[in-house]
Amino acid sequence: MKQRILIEVAYDGTGYSGWQYQPGKPTIEGVLNAELSRLLGEDIKVIGASRTDAGVHAEGAIAVFDTASPIPGDKFSYALNQSLPDDIVVRRSEKVADDFHPRRVNCRKTYRYSIWHDRFPMPVNSRYTYWVYTGLDIDAMRQAAGYFTGEHDFAGFCSASTDAASTIRTVYDIRVENPDKPREDGRYHGRIDIFVTGNGFLYNMVRIIAGTLTEVGEGRIAPDEIPSIIESRDRSRAGRTAPAKGLTLIGYEFSGDDREEGLSIG
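Residues numbered from 1 in each chain as written. Predicted model: local features only at pLDDT ≥ 70, side-chain atom pairs only at ≥ 80, totals over all residues. Heavy atoms only, no water.

Remarks on the overall build of the protein
- Counting secondary structure elements, the protein contains 5 helices and 11 strands.
- Relative to the compact-globule value of 18 Å for 266 residues, the protein shows a C-alpha radius of gyration of 20 Å, a close match.
- With respect to the principal axes defined by its C-alpha atoms, the protein has extents near 65 × 40 × 35 Å.
- Of all 266 residues assigned to the protein, the portion counted as buried reaches 51%.
- Counting only carbon and sulfur atoms, one obtains 47% of the accessible surface of the protein, whose full area is about 12,700 Å².
- If you average the places of the 32 positive and of the 38 negative side-chain charges in the protein, the two averages end up 3 Å apart. (Helix = DSSP H or I, 4+ residues; strand = E, 2+ residues; numbered from the N terminus. Rg over C-alpha atoms; globule rule 2.2 N^0.38 Å. Buried < 20%, exposed > 50% of the residue type's maximum accessible area, 1.4 Å probe, protein only. Areas by Shrake-Rupley, 256 points an atom, 1.4 Å probe, with all protein chains shown as cover. Lys, Arg positive; Asp, Glu negative; His and termini not counted. Charge placed at Lys NZ, Arg CZ, Asp CG, Glu CD.)

Encoded structure:
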């Protein structure tokens, strides 16, 4: 008898061509399919809640798969982690309802975009942050961030190659955080994290929001220009696409599914 298993996956995306399986290229989905198939002696194909691009990281990506194995749901993580590469870890696993599909339930998804702001880059976190050496006005970035919340048509904040049926998305919350103290000139240095929570995101949407907020911090875009940029639906008016390495998928909060109401993952 088949059972459906949910896994929560963390990974360093530096060496991968994204989540989705691509023949001849290293991908997270490809590694999981291969290891699960080998472990269980079945042809396993995981179904991810979403896809990440090449170089993007995750702390709480989720996927499900079906198996005839009698292994208890919470034991799959232990079995898988014995053979997965060091840059992929299954943080937890559990049995879910047979009809649970991670892309067909209501959820909130959170990403973090991390900037390293200082005169010189920091080697120990260069794989996970976008280095910006120019002065950044974090108060202006916070002011601008507020304009992104709510339901908008984000056509101007996605790649031209997006294949989404609709470009309307809802951003529930966006925060710009910096734990370090300001310098004497009032500018901030060190790590700056941009957290974005929404009901879904277009291709490169979070990276373009991050790049736009960076340009606000640099004084290239005024905070009160954001509403008109969004309304224009014109990609050329928004800021640059920030590099993939600064982006991390934090996790999901599901509701209305066959599992515990409001379950948070990640």
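Here we look at the confidence of the model for the protein
- Mean pLDDT for the protein: 92, with 92% of residues reaching 70 or above.
- Between residues 257-264, whose pLDDT stays under 50, and residues either more than four places distant or in other chains, the model counts 21 contacts. (pLDDT = per-residue confidence, 0-100. Contact = heavy atoms within 4.5 Å.)

Examining the environment of Thr167
- When you line up the elements, Thr167 lands in the loop between strand 7 (150-153) and strand 8 (168-177).
- As for Thr167 and Arg220, which are separated by 53 residues in sequence, their C-alpha atoms are 26 Å apart.
- For Thr167, the contacting residues outside a window of four places in its chain are His152, Asp153, Phe154, Ala155, Leu202 and Arg233.
- Here Asp153 takes part through its side chain, which lies 2.5 Å from a polar atom of the side chain of Thr167. (Polar contact = N/O pair within 3.5 Å; in protein donor to acceptor, adjacent residues only side chain to side chain.)

Quick look at the packing of helix 3 (residues 138-145) against helix 4 (residues 205-217)
- At a minimum axis distance of 8 Å, the contact between helix 3 and helix 4 shows a crossing angle of 135 degrees. Taken together, helix 3 and helix 4 sit at an angle that is classed as oblique. Seen from above, helix 3 lies across helix 4 with right-handed handedness. Contact with helix 3, carried on its side by Ala140, Met141, Ala144 and Ala145, involves Leu213, Thr214, Val216 and Gly217 of helix 4 and no other residues of that element.
- Grouping the amino acids of the contact of helix 3 with helix 4 by side-chain chemistry returns 6 nonpolar, 2 polar and no charged. (Axes fitted to C-alpha atoms, helices over the stretch in contact; angles between N-to-C directions. Parallel < 35°, antiparallel > 145°, perpendicular 65-115°, else oblique. Left-handed = near helix turned anticlockwise from the far one by under 90°. Nonpolar A, V, L, I, M, F, W, Y, C, P; charged D, E, K, R; others polar.)

Considerations on the packing of aromatic side chains
- Summed over the entire model, instances satisfying the criterion amount to 9 aromatic pairs.
- A ring pair is formed by Phe65 and Phe76, whose centres lie 5.6 Å apart and whose planes are at 80 degrees; its orientation type is edge-to-face. Placement of the pair is Phe65 in strand 3 (residues 57-67) and Phe76 in helix 2 (residues 76-81), with a sequence separation of 11 residues. Neither residue differs from the other here; Phe65 and Phe76 are each classed as buried. (Phe/Tyr/Trp six-rings, centres within 6.5 Å; stacked < 30°, edge-to-face > 60°.)

Notes on the pairing of strand 10 (residues 247-255)
- For strand 10, a buried count of 7 out of 9 residues is recorded, marking the element as mostly surrounded by other parts of the structure.
- As paired elements, strand 3 and strand 10 share 2 bridges and run parallel to each other. By the bridge assignment, Ala58 is partnered in strand 10 with Leu249.
- Looking at chain direction, strand 5 (residues 106-117) and strand 10 are connected through 8 bridges and run antiparallel. Each residue of the ladder has a partner; that of Asn106, found in strand 10, is Ser255. (Pairing = 2+ DSSP bridges.)

Notes on unusual backbone geometry
- Backbone geometry places Asn204, a non-glycine residue, at a positive phi of 70 degrees.
- Here Asn204 shows up in the loop between strand 9 (190-198) and helix 4.
- One non-glycine residue, Arg233, lies in the positive phi region at around 60 degrees.
- Structurally, the position occupied by Arg233 is in the loop between helix 5 (226-232) and strand 10.

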